[in-house]
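Chains, contacts and geometry: an overview
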Amino acid sequence: FHALPWAGGALIDAAVVTYALDLPRPTGAGGPPRRAVQLAPPSNLAGAADELASAAAGLRARGVAVERLTGDEPDLLARIAGADLLHYAGHARGAGWGGALELGGERSLGARDLLTATGPRVAVLSGCETGLPDPRAHAGGMSLAHALLLAGTQAVLATDAVVDDELGGALGAAVVLAIADGRDPAAALAAVQRAEKRPGWARFRAFTP
């Protein structure tokens, strides 16, 4: 919807578009993040390491505390819970309730897992299909983005399809830093998309309760 033609461009050029679940809006502090968690599992994605490093350097330069996790931590969900910002860069799959963030080997963090913990305030999921619901399900189905929103996250920036690694890396890091500068997450994504309209840009969406 946000990529529909509008006034000679795309709708996103004229308005910030969010995909809402019609859930109660969580209350809590807004503003720039103070504590960010990067979930950085082993990955063969060429751009993932650069994306995470660029975002981490920019966050620290802005006074944000950054904790990098590899996915091996036994208390992984507890470390993510309540963070101001979660930034994931790696492989993911969207399969409704079977959707998961890949952590390497046989390990993954699925929609069911995310529902068991308190969600971070904002999540940037730079991986394929992180916002893709099961098309066979009624009422839109489940996705990783949906699970985080149900767990209390206020905004999730995710994808609805397979995305190019280079594009994901460019958008992911830029959006994280825009959020760190105090921009609303959906507005941050819209601004980055306006500047990065390379093929596949429309696959990134802002999900809200």
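Below is a short write-up of the structure.

Rules used in this analysis
The written sequence of each chain sets the order in which its residues are numbered from 1. At least 70 in pLDDT is required for a residue's local features to be given in this predicted model, at least 80 for side-chain atom pairs to be given and counted, and no such filter applies to totals for whole chains, interfaces and linings, which use all residues. The basis for every side-chain value is the complete set of non-hydrogen atoms in the structure, without hydrogens or water. Elements are defined by DSSP. Helices are runs of H or I of four residues or more, strands are runs of E of two residues or more, and each kind is numbered from the N terminus. Working rule for helices: expected span equals 1.5 Å times residues minus one. Only protein chains enter the accessibility calculation, which uses a 1.4 Å probe; a residue whose area is less than 20% of its type maximum is buried, one above 50% is exposed, and one in between is partly exposed. Note on contacts: a residue pair qualifies if any of its non-hydrogen atoms lie within 4.5 Å across the two residues. For this analysis, a polar contact is any N or O atom pair within 3.5 Å, provided that within protein one partner can donate a hydrogen and the other can accept it, and provided that sequence-adjacent residues contribute only side-chain to side-chain pairs. Pairing between two strands requires that DSSP report at least two bridges joining them. Throughout, an axis means a line fitted to C-alpha atoms (over the contacting stretch in the case of helices), and angles, computed between N-to-C directions, take values from 0 to 180 degrees. Reported orientations rely on four angle classes, namely roughly parallel under 35 degrees, roughly antiparallel over 145, roughly perpendicular from 65 to 115, and oblique for the rest. Helix crossings are classified by the rotation of the near helix relative to the far one: an anticlockwise turn of less than a right angle makes the crossing left-handed, while a clockwise turn makes it right-handed. Note on residue categories: nonpolar means Ala, Val, Leu, Ile, Met, Phe, Trp, Tyr, Cys or Pro, charged means Asp, Glu, Lys or Arg, and polar means any other residue, Gly included.

With that settled, the discussion passes to helix H5 (residues 165-180). In a regular helix each residue adds 1.5 Å, so 16 residues correspond to 22 Å; H5 covers 23 Å between its end C-alpha atoms and thus fits that length. Burial runs high along H5: 12 of the 16 residues are buried. Buried residues of H5: Leu-167, Gly-168, Gly-169, Leu-171, Gly-172, Ala-173, Val-175, Val-176, Leu-177, Ala-178, Ile-179 and Ala-180, and no others. Lining the buried residues of H5 we find helix H1 (48-61), strand S6 (85-89), strand S10 (122-126), strand S11 (155-159), helix H6 (185-195) and strand S12 (204-208). Of the residues that open H5, the one with a side-chain oxygen 3.0 Å from the backbone nitrogen of Glu-166 is Asp-164. Note on H5: the residue one or two positions beyond its end, Gly-182, has a positive phi of about 100°.

This part covers the sheet that holds strand S8 (residues 100-104). Picture the strands of a sheet paired through backbone hydrogen bonds; they go either parallel or antiparallel. Reading across from one edge, S7-S8-S9 is the order of the three strands in this open sheet, with antiparallel pairing throughout. Only two strands of the sheet have a single partner each, and these edge strands are strand S7 (92-93) and strand S9 (107-110). The pairing of S8 with S9 spans four bridges and is antiparallel. Paired with Gly-104 across the strands is Arg-107, a residue of S9.

Looking now at the packing of H5 against H6. Packing of H5 against H6 leaves a shortest axis separation of 9 Å and a crossing angle of 135°. Here H5 is positioned oblique relative to H6, judged by the angle of their axes. Between H5 and H6 the crossing geometry is right-handed. Here Leu-171, Ala-174, Val-175, Ala-178 and Ile-179 of H5 lie close against H6, whose contacting residues are Pro-185, Ala-188, Leu-189, Val-192 and Gln-193. Taken together, the residues of the contact of H5 with H6 break down into nine nonpolar, one polar and no charged.

In this section: unusual backbone geometry. Residues other than glycine seldom take positive phi values, yet Asp-22 does so here, at roughly 65°. As for its placement among the helices and strands, Asp-22 is situated in the loop between strand S3 (19-20) and strand S4 (35-39). Phi at Glu-129 takes a positive value of approximately 65°, unusual for a residue other than glycine. Tracing the backbone shows Glu-129 in the loop between S10 and helix H4 (144-150).

Extensive coverage of H6 is indicated by the burial of eight of its 11 residues. Residues Pro-185, Ala-186, Ala-187, Ala-188, Leu-189, Ala-190, Val-192 and Gln-193 constitute the buried set of H6. Elements in contact with the buried residues of H6: S10, S11, H5 and S12. For H6, the side-chain oxygen to backbone nitrogen distance between the N-cap and Ala-186 is 3.1 Å, and the N-cap itself is Asp-184.

Remember that the coordinates give geometry; whether it matters functionally is a separate question.
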